[in-house]
Amino acid sequence: IVPGVLVLFHLSETLIIFSMKMSRKLKDNIVVICERTETEFHYLKELKSIVEERLPGRFSDIRVIPTPEELAVCVKRNQAIKKRSLKGGDSSGRYYTQEEELPEDYERYKQQPTRYVREAQLYLIEGSYTEAWAVYDFDNFPDHAQARALAEEDERLHIAFSSVSFEEWLLLHFELNWTAFQKSVCKEAGKDIQCGTGKHANDCKGSTCVGGRLRAQNFLPGYDKCGEELFTTLEPRLEHARIGAAWTRALNPKADIWLQNPYTDFDRLVNRLLGYSDYKWVACGETISIVHTQVLVNDGNLVNVGSGFLVLKVIIYDKQFNKIESNIIRLIPGESFHFDKGDYISFPENGESVVIVPLHA
């Protein structure tokens, strides 16, 4: 039987007619809900196209929401709902492309950023996608704790978060910056004043906004918040950003994620789409459990401090995370290997992530 073809059967002289419906193949398909249609949306749409071109068959579908058209429909629809509510009508509201069955559920989840996580969750509930991500920034949203709690209800539901903004991820392609930036770009009358270019009297020169830092240091001198082809432009430095993102997560790991700054875990979505392992930043002097033993990195030495034989492929980096060389290290318990050059090393951790460690405190 061919799906989609009308099939006729004669059974006990009764004519039975039915249609074999086309079923959607659900195999590693992903829906990504963005906060808006600006930088993150363009970046992810570009990355989606690259994944589909370079890794055909990795995902059956990658959908990035909202498109400008979906956003326009959502705004218009909710304006109409607001007018109806003023007249005593329906006031439940809608998300970009999904809606709640019960108005009280919309009221429960409508706060930002929970609404992005909830819309992603609804795609999982209806069964049209097997994995869902919500992408958003800090933005002084009031509802970060509930958004996180909601995401924890389903292991297929993920958050890609940046504080203070997505531009933090872009900056990590170039440097590890400790500044707790206040905003993505400085604005006047709602418009980017192009900090870092010297065109405005209130130019913060990158001390307050991340966009200003990208321009002032000539990392992305012509950076536009809605710019396109960012992934292609930055791809040669992608590993720097992936390592840097892991660094931000190690700065203050005991604090609530939404209160950490700088911070991003946007790399986890990028890694998922491209099939890369996550980096895990480990401080110099910490003991690391790996395979059937333990290792310690300190003062330029890699030491097997466990009881098992150790074989590791180690990559050595300079201060800018450029690869210097790679070595196969074999160590019996108690033995050490000294690195004569380099500032960081990385090695796989039990097949789940790649550990990166400073060689010196």
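In this report, the structure presented in the accompanying data block is examined. All chains use their own residue numbering, which begins from 1 and follows the written sequence. Local features are withheld for residues below a pLDDT of 70 in this predicted model, meaning they are given only at 70 or higher, and side-chain atom pairs are given and counted only at 80 or more; totals for whole chains, interfaces and linings count all residues. Computation of side-chain values: all heavy atoms of the structure, hydrogens and water removed.

## Structural notes on the overall build of the protein
Note the cut-off: Helix and strand assignments follow DSSP, with helices taken as H or I runs no shorter than four residues and strands as E runs no shorter than two, numbered in order from the N terminus. When accessible area is computed with a 1.4 Å probe and restricted to protein chains, residues below 20% of their type maximum are described as buried, those above 50% as exposed, and intermediate ones as partly exposed. Contacts are assigned to residue pairs with any non-hydrogen atoms lying within 4.5 Å of each other. Charge convention: Lys and Arg are scored as positive, Asp and Glu as negative, and His as well as the terminal groups of each chain are ignored. A single reference atom marks each charge: NZ on Lys, CZ on Arg, CG on Asp, CD on Glu.
A count of helices and strands for the protein gives ten helices and 18 strands. Projected onto the principal axes, the alpha-carbon positions of the protein cover approximately 85 × 70 × 35 Å. Expressed as a percentage of the 361 residues in the protein, the buried residues total 48%. Sequence separation of at least 24 residues holds for 61% of the intrachain contacts in the protein that already meet a minimum separation of 6. Across the protein, the 43 positively charged side chains and the 52 negatively charged ones have centroids separated by 4 Å.

## Examining unusual backbone geometry
Of note, the amide linkage connecting I65 to P66 takes the cis form, showing an omega dihedral of 5°. For P66, the location among the structural elements is in the loop between β4 (62–65) and α2 (68–86). Geometrically, the link from Q112 to P113 is a cis peptide bond, its omega value of 5° lying close to zero. With respect to the helices and strands, the residue P113 is situated in the loop between α3 (103–109) and α4 (114–126). You will see that V291, though not glycine, has its phi angle at about 50°, which is positive. If you trace the backbone, V291 turns up in the loop between β11 (287–290) and β12 (293–298). Using a relative accessible area of 56% as the deciding quantity, one classes V291 as exposed. Of note in the backbone geometry, D299 takes a positive phi value of approximately 55° without being a glycine. Relative to the helices and strands, D299 resides in the loop between β12 and β13 (301–304).

## Thoughts on the environment of E46
Mapped onto the elements of the fold, E46 is located in helix α1 (residues 39–54). With 204 residues separating them along the chain, E46 and A250 place their C-alpha atoms 29 Å apart. Other than its neighbours up to four places away in sequence, E46 contacts E229, L230, F231 and T232.

## Section: the packing of helix α9 (residues 238–251) against helix α10 (residues 266–274)
Formally: Comment: axis = line fitted to C-alpha atoms, over the contacting stretch for helices; angle = value between 0 and 180 degrees taken between N-to-C directions. Roughly parallel here means an angle under 35 degrees, roughly antiparallel means over 145, roughly perpendicular means 65 to 115, and every remaining angle is called oblique. Any residue that is not Ala, Val, Leu, Ile, Met, Phe, Trp, Tyr, Cys, Pro, Asp, Glu, Lys or Arg is counted as polar, Gly included; the first ten are nonpolar and the last four charged.
Orientation of α9 relative to α10, taken along the N-to-C sense of each, is 135°, at an axis distance of 10 Å. Taken together, α9 and α10 sit at an angle that is classed as oblique. For the pair formed by α9 and α10, the contact residues are L238, R242, A245 and R249 on the first element and D267, R268, V270, N271 and L274 on the second. Broken down by class, the residue content of the contact of α9 with α10 amounts to four nonpolar, one polar and four charged.

## Things to note about the pattern of salt bridges
Basically, it comes down to this: Any carboxyl oxygen of Asp or Glu that lies within 4 Å of a side-chain nitrogen of Lys or Arg is treated as forming a salt bridge with it.
Scanning the model with the defined rule gives 21 salt bridges in all. Between E99 and R94 there is a salt bridge, with the nearest N and O atoms lying 3.2 Å from each other. According to the relative accessible area criterion, E99 is partly exposed, its value standing at 48%. With a relative accessible area of 16%, R94 lands in the buried category. The shortest N-O distance in the salt bridge between D267 and R249 comes to 2.7 Å. Of the two residues, D267 sits in helix α10 while R249 sits in helix α9, which places them 18 residues apart along the sequence. Under the relative-accessibility criterion, D267 is labelled buried at 0%. Put simply, E35, R36, E38, D137 and D139 are held in one network by salt bridges that share partners.

## Focus: the side chain of S163
Condition: In protein, a polar contact requires one atom able to donate a hydrogen and another able to accept it; more generally it is a pair of N or O atoms within 3.5 Å, and residues adjacent in sequence count only if both atoms are side-chain atoms.
For S163, the position within the fold is in strand β6 (residues 157–163). Among the polar contacts listed, one links the side chain of S163 to the backbone oxygen of Q260, at a separation of 3.0 Å. Residue contacts for S163: discarding those within four places in its chain leaves F138, E168, W258, Q260, N261, P262 and Y263.

## What to know about the sheet that holds strand β5 (residues 131–137)
Stated precisely, the cut-off is as follows: A pair of strands counts as paired when DSSP detects no fewer than two bridges linking them.
If you trace the five strands from one edge of the open sheet to the other, you get β4-β3-β5-β6-β9, paired in mixed fashion. Two strands bound the open sheet, and with one partner strand each, they are β4 and β9 (263–264). For β5 and β6, the ladder comprises six bridges, and the chain directions are parallel. Paired with A132 across the strands is L157, a residue of β6.

## Concerning α4
Defined as follows: A helix is expected to reach a length of 1.5 Å times the quantity of its residues less one.
With 13 residues, α4 should reach 18 Å at 1.5 Å per residue; the first-to-last C-alpha distance of 18 Å fits that figure. Burial analysis of α4 places eleven of its 13 residues in the buried class, the great majority of the element. Of the residues making up α4, those classed as buried are T114, R115, Y116, V117, R118, E119, A120, Q121, L122, Y123 and L124. Of the surrounding secondary structure, the elements contacted by the buried residues of α4 are β3 (30–34), β4, α3, β5, α5 (144–151) and β6. Positioned one or two residues after α4, G127 has a phi angle of 85°, which is positive.

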